[in-house]
There are 2 protein chains.
Amino acid sequence: MDTRNTVASIITIGDELLIGQTVDTNSAWMAQELNAIGVWVHRRVSVGDDRDAIWQALDEESKHARVILITGGLGPTADDITKPLLCQYFGGRMVVDEGALANVRHIFQMLNRPLIERNLKQAEVPDVCTVIQNRRGTAPGMWFEKEGVVFVSMPGVPHEMKGMMKGYVIPALQDRFRPAPILHRTLLTAGIGESFLAERIKEFESTLPRNIKLAYLPSYGMVKLRLTGRGDDPRMEAELQAEFDMLRQLVEDVLVTDEDKGIPQVVGEILSSRGQTLSTIESCTGGYIGHLITSVPGSSRYYLGGAVAYSNTLKMALAGVRPDTLSAHGAVSRETVLEMANGIRDRTGSDFAIATSGIMGPDGGTPDKPVGTVWVGLAAAGREAASHFQFRFDRQRNTELAATHGLNALRKFILV
Amino acid sequence: MDTRNTVASIITIGDELLIGQTVDTNSAWMAQELNAIGVWVHRRVSVGDDRDAIWQALDEESKHARVILITGGLGPTADDITKPLLCQYFGGRMVVDEGALANVRHIFQMLNRPLIERNLKQAEVPDVCTVIQNRRGTAPGMWFEKEGVVFVSMPGVPHEMKGMMKGYVIPALQDRFRPAPILHRTLLTAGIGESFLAERIKEFESTLPRNIKLAYLPSYGMVKLRLTGRGDDPRMEAELQAEFDMLRQLVEDVLVTDEDKGIPQVVGEILSSRGQTLSTIESCTGGYIGHLITSVPGSSRYYLGGAVAYSNTLKMALAGVRPDTLSAHGAVSRETVLEMANGIRDRTGSDFAIATSGIMGPDGGTPDKPVGTVWVGLAAAGREAASHFQFRFDRQRNTELAATHGLNALRKFILV
């Protein structure tokens with residue numbers, strides 16, 4: 001641990017995190033925001049809606065960190081444990097906060113709903129905290145300080161927490177600690193295994209300066225490489241950039257992007273810069289490629305849409321796939337995905353088209369075409385290409401891999 | 001904490017978890033599996049690739065729990081820290097495991113790739129552990145025991161970890177601890193706020209027996225209610241069922257499902273049981289509804305597919321939306337989504353069709369139709385319906401809400 005950095009712990013509260021009903025996405029988002037201002041997250045802890053467990057976590061994490069961000073355990077039905085506990089932990093008493101009360105009243109007025117006692121109680125806070133107003137919900141946030149450690153309690157609802165972080169917590173932490181920067185540079189490679197990549201760059205890795213760290217992040221069958229520079233040496237940023245440039249040269253032949261972005265965004269930027277358009281026709285991925293593409297703001301500039309041709313009938317009706325092709329080669333075949341891609345491209349008038357057809361599992365596999373068999377078809381003016389993949393995982397992961405690798409095949413096809 | 005239950009902690013290792021580059025989905029999955037056999041997860045902790053932090057986490061968590069599951073920190077490039085540390089922590093020395101070595105050789109043979117030194121090192125393990133063979137990758141798992149506490153170390157790659165959990169760890173934990181069951185019953189409501197729900201069932205909640213606990217889980221603008229029963233009293237299961245039946249009656253008018261499943265599965269089961277079919281035409285949701293529907297295994301029985309009509313041209317070409325409708329009412333309107341739904345239903349011959357059109361942000365809003373405006377159109381033989389939603393969040397959440405609420409509107413439309 002680099003002691004020049006301000007160190008944080010994140011505590012998330014809720015039984016739903018411990019029984020696996022909810023995936024904790026808050027922590028990852030908070031960690032990104034903290035990193036961006038130079039606060040290093042040393043630990044993340046999840047505990048249940050349990051008084052002793054929460055109290056213990058506060059005690060323990062305050063030994064590790066100077067900043068403790070807490071989410072969850074607030075809200076009209078969850079208040080009963082966390083708020084009185086925080087009040088006692090920091091030695092205060094509960095009072096009504098006029099700002100929070102006005103906010104609760106305002107929200108209920110807007111929703112045109114009657115206020116009930118339970119909602120009014122949300123405006124009560126310990127008198128030893130600074131209240132963080134919630135512009136997106138009824139539960140206020142709370143900022144405490146004790147023996148030089150800052151504790152911030154926020155609701156677990158992601159968009160409420162995010163509003164408080166952006167609007168108050170991040171600027172206030174910058175003000176309070178003036179942390180030294182932590183910088184990350186990330187690139188994405190495809191088509192090379194983690195251990196081969198490691199062999200190729202082991203000399204580079206061994207010569208990295210002490211304050212720059214390399215990490216390997218396998219991701220959907222690709223590998224991300226991340227360089228992290230820490231500390232307040234003013235030369236660190238330039239040094240990090242120089243090392244990153246060297247790393248990029250070493251992996252140039254397998255490089256997808258030298259920024260921390262996903263393939264949908266990379267494909268979108270290529271199309272956008274060329275003023276070209278894309279359509280999709282998805283069988284096995286069921287709309288997931290369209291979803292990934294349209295997750296990027298502004299995708300309507302280059303994405304026209306297309307078809308989800310889950311049934312054979314729709315492969316014929318929406319893309320003009322010939323019945324003969326389906327009966328001779330099957331729906332999961334080079335011939336079918338090429339006809340799908342060309343068919344949807346003709347019908348939409350797009351510059352490029354991508355088609356998928358495969359068997360995602362758990363059922364539907366045959367000895368010839370086992371579960372995980374995926375064909376991707378690509379079409380452009382006067383040319384076409386098809387790729388075959390064999391994934392070995394469950395339905396969800398096979399779908400993710402098919403979409404990501406399909407989009408990477410499209411990226412290479414566009415750039416040819 | 002109910003001491004009659006076996007208590008576990010989950011430790012996840014990796015800087016990527018602390019800088020927010022990766023969302024920890026492993027913990028939620030592991031927690032579900034542990035719960036199912038009656039092991040209660042008391043805490044989840046994430047630490048970085050840092051010797052001291054890992055050592056400290058092992059020390060601390062062994063005070064809280066009798067079972068400690070560890071993921072991450074293994075793999076061809078990550079081995080350097082975790083494995084020697086575990087070896088030292090449990091007082092062993094590194095030896096080659098013949099089973100793990102054969103597995104590494106087998107995998108590289110299958111991939112037709114040369115073996116390098118780095119890969120062979122993966123077969124080395126501390127001689128004080130029981131080796132858990134990895135059928136899905138090269139890094140073996142390790143089972144240690146120390147002062148009555150079981151420590152299991154597994155790779156962080158989800159499908160490798162899952163293979164070891166299902167194939168070895170879960171049965172071995174059952175064998176070792178014979179834990180008392182933990183049972184959950186969950187229902188999903190829509191159309192009622194959390195605080196109103198709480199008012200409605202507060203008498204019910206106050207009369208719950210000590211070993212049954214109620215939790216509220218807000219989810220995409222809906223609320224899940226979960227009853228959890230713990231302990232080895234043989235009457236617990238019947239008692240839990242009786243309480244759950246009572247709860248279900250109290251919320252009957254707002255009930256979506258009385259099982260722990262999502263709306264796509266609920267819609268699928270209704271269609272499946274009736275032998276009816278569905279098609280989709282998505283503008284603002286960009287394929288996400290199709291993706292949710294096809295995430296359910298066997299969805300090809302009732303889902304035909306449809307169109308992603310992101311551009312107006314495709315709304316006309318693929319669903320026959322009239323140019324006059326688009327120019328008079330705009331793409332985001334009752335009139336357009338009804339024509340889309342009826343158009344795609346006609347073209348696919350499905351029993352039901354759902355259409356979406358909206359403005360997801362961050363750009364594209366107008367005073368009349370601000371960001372978050374969504375219209376959902378529904379069509380069946382001889383009838384149609386449209387719903388208007390106004391979401392207030394970011395692009396991703398608006399998309400999720402539009403898809404979930406759209407599918408719930410479809411569910412009600414089918415059941416009319």
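This one's a predicted model, so the numbers in the text were calculated from it and none came from an experiment.

Definitions and limits used
Residues numbered from 1 in each chain as written. Chains lettered and ligands numbered in written order. Predicted model: local features only at pLDDT ≥ 70, side-chain atom pairs only at ≥ 80, totals over all residues. Helix = DSSP H or I, 4+ residues; strand = E, 2+ residues; numbered from the N terminus. Buried ≥ 20, exposed ≤ 12 C-beta atoms within 10 Å, placed from the backbone. Core = buried A, V, L, I, M, F, W, Y, C linked by C-beta atoms within 7 Å. Contact = placed C-beta atoms within 7 Å. Pairing = 2+ DSSP bridges. Axes fitted to C-alpha atoms, helices over the stretch in contact; angles between N-to-C directions. Least-squares fit on C-alpha atoms with pLDDT ≥ 70 in both. Expected span 1.5 Å × (residues − 1). Arc of directions from axis to C-beta. Parallel < 35°, antiparallel > 145°, perpendicular 65-115°, else oblique. Left-handed = near helix turned anticlockwise from the far one by under 90°. Domains from an automatic or database assignment. Nonpolar A, V, L, I, M, F, W, Y, C, P; charged D, E, K, R; others polar.

Concerning the overall build of chain A
Piece 1. Helix and strand content of chain A: 16 helices and 17 strands.
Piece 2. When its C-alpha atoms are laid out on the principal axes, chain A stretches across 80 × 60 × 40 Å.
Piece 3. Buried positions account for 50% of the 416 residues belonging to chain A.

Focus: the nonpolar core
Piece 1. Formed by 127 residues in total, the largest nonpolar core has its most connected members in Ala-307 and Ala-341 of chain A together with Ala-307 and Ala-341 of chain B.
Piece 2. Excluding its chain neighbours within four sequence positions, the residues that come into contact with Ala-307 of chain B are Gly-305, Ala-307, Val-308 and Leu-318 of chain A together with Ile-281, Leu-314, Leu-318, Ala-319 and Ile-344 of chain B.

Points about the sheet that holds strand β2 (residues 39-47) of chain A
Piece 1. Within the open sheet, the 12 strands sit side by side as β6(A)-β7(A)-β8(A)-β3(A)-β1(A)-β2(A)-β2(B)-β1(B)-β3(B)-β8(B)-β7(B)-β6(B). Their pairing is mixed. In this open sheet, the two edge strands, each paired with only one partner strand, are β6 (130-132) of chain A together with β6 (130-132) of chain B. The sheet shows a mean angle of 20° between the axes of neighbouring strands, direction not considered.
Piece 2. Of the pairings in the sheet, the one linking strand β1 (residues 6-13) of chain B to strand β3 (residues 67-71) of chain B comprises 5 bridges and is parallel in character. Looking at β3 of chain B, one finds that Ile-11 of chain B is bridged to Ile-70 of chain B.
Piece 3. The sheet contacts of helix α2 (residues 26-36) of chain B involve β1, β2 (39-47) and β3 of chain B, and relative to β1 of chain B the element is tilted by about 160°.
Piece 4. Most of the contacts of helix α3 (residues 51-64) of chain B go to β2 of chain B, to which it runs at about 160°, and overall it touches β2 of chain A together with β1, β2, β3 and β8 (149-154) of chain B.

What about the relation of the copies chain A and chain B?
Piece 1. In screw terms, the move from chain A to chain B is a rotation of 180° and a rise of 0.0 Å along the axis, fitting with an RMSD of 0.1 Å. The relationship between the two copies is best expressed as a two-fold rotation axis.
Piece 2. Of all interface residues in chain A, 99% are interface residues in chain B too; the two copies therefore contact each other through one and the same surface.

Examining helix α5 (residues 98-111) of chain B
Residues and elements named next belong to chain B.
Piece 1. Look at α5: 20 Å from first C-alpha to last across 14 residues, which is about the 20 Å you get at 1.5 Å a residue.
Piece 2. Within α5, burial applies to Ala-100, Asn-103 and Val-104. Seen along its axis, α5 keeps its buried residues to an arc of 100°; they face one direction. Of the exposed residues in α5, those oriented more than 90 degrees away from the buried face are Glu-98, Ala-102, His-106 and Gln-109.
Piece 3. The elements touched by buried residues of α5 are α6 (117-120), β5 (124-126) and β6.
Piece 4. Positive phi shows up at Asn-112, right after α5, with a value of about 60°.

What to know about the packing of α2 of chain B against helix α7 (residues 158-177) of chain B
All names here are of chain B.
Piece 1. Packing of α2 against α7 leaves a shortest axis separation of 11 Å and a crossing angle of 15°. In terms of orientation, α2 and α7 fall into the roughly parallel class. Helix-helix and strand crossings are classified by hand; for α2 and α7 the assignment is right-handed. From α2, Asn-26, Trp-29, Met-30 and Glu-33 reach across to α7, where they touch Pro-158, Met-161, Lys-162, Met-165 and Ile-170.

Quick word on the environment of Gly-14 of chain A
All names here are of chain A.
Piece 1. By secondary structure assignment, the location of Gly-14 is in the loop between β1 (6-13) and α1 (15-18).
Piece 2. Spatially, the C-alpha atom of Gly-14 lies 34 Å from that of Gly-231, the residues being 217 residues apart in sequence.
Piece 3. When near neighbours in sequence (up to four residues on either side) are disregarded, Gly-14 contacts Thr-22, Asp-49, Gly-72, Gly-73 and Gly-156.

What to know about the domain arrangement of chain A
When the parts come together, some accessible area is lost, and that loss is often what is quoted as the size of the interface.
Piece 1. Taken domain by domain, chain A holds domain 1 (6-177), domain 2 (182-257) and domain 3 (263-415).
Piece 2. Between the C-alpha centres of domain 1 of chain A and domain 3 of chain A the distance comes to 44 Å.

Looking at the pairing of β1 of chain A
All names here are of chain A.
Piece 1. Within β1, 7 of the 8 residues are buried, which leaves it mostly tucked inside the rest of the structure.
Piece 2. Bridge count for β1 against β2 is 8 bridges, and the pairing is parallel. Residue pairing across strands places Val-7 opposite Trp-40, the latter belonging to β2.

A closer look at the sheet that holds strand β13 (residues 278-282) of chain B
Two pairing modes exist for strands in a sheet, parallel and antiparallel, and in both the strands are linked by backbone hydrogen bonds.
Piece 1. Spatially, β17(A)-β16(A)-β15(A)-β13(A)-β14(A)-β14(B)-β13(B)-β15(B)-β16(B)-β17(B) is the arrangement adopted by the 10 strands of the open sheet, whose pairing is mixed. Two strands in the sheet have a free side with no partner beyond their single neighbour: β17 (383-390) of chain A together with β17 (383-390) of chain B. Direction aside, neighbouring strands of the sheet carry axes that sit 15° apart on average.
Piece 2. Pairing of strand β14 (residues 303-309) of chain A with strand β14 (residues 303-309) of chain B, which is carried by 5 bridges, proceeds in the antiparallel orientation. Residue pairing across strands places Ala-309 of chain A opposite Gly-305 of chain B, the latter belonging to β14 of chain B.
Piece 3. Running over the sheet, helix α16 (residues 395-415) of chain B touches β15 (352-358), β16 (373-380) and β17 of chain B and is turned about 150° from β15 of chain B.

Describing α3 of chain B
Think of an α-helix as turning once every 3.6 residues; residues three or four places apart then point the same way.
All names here are of chain B.
Piece 1. Here α3 spans 21 Å end to end across 14 residues, near enough to the 20 Å set by a 1.5 Å rise per residue.
Piece 2. Three or more residues of α3 are buried, namely Ile-54, Ala-57, Leu-58 and Glu-61. Around the axis of α3, the buried residues are gathered within 100° of arc, so they sit on the same side. Seen from the buried face of α3, the exposed residues on the opposite side, beyond 90 degrees, are Asp-52, Asp-59 and Lys-63.

As for the interface of chain A and chain B
Piece 1. Taken residue by residue, the interface counts 78 residues in chain A and 77 residues in chain B.
Piece 2. Class assignment for the residues of the side of chain A that touches chain B results in 36 nonpolar, 28 polar and 14 charged.
Piece 3. Looking at chain direction, β2 of chain A and β2 of chain B are connected through 5 bridges and run antiparallel. Within β2 of chain B, the position partnered with Arg-44 of chain A by the bridge is Ser-46 of chain B.

Brief notes about the pairing of β17 of chain A
Residue and element names in this part refer to chain A.
Piece 1. In this sheet, β17 lies alongside strand β16 (residues 373-380) in antiparallel orientation, the contact comprising 8 bridges. If you follow Val-374 over to β17, its bridge partner there is Phe-389.
Piece 2. What sits between β16 and β17 in their antiparallel hairpin is a turn of 2 residues, with Gly-382 showing a positive phi close to 75°.

Overview of unusual backbone geometry
All names here are of chain A.
Piece 1. Going from Gly-361 to Pro-362, the amide bond is cis rather than trans, its omega being 0°.
Piece 2. Its location among the elements puts Pro-362 in the loop between β15 (352-358) and β16.
Piece 3. The backbone of Glu-147 sits at a positive phi, close to 50°, despite the residue not being glycine.
Piece 4. Here Glu-147 is to be found in the loop between β7 (141-146) and β8 (149-154).

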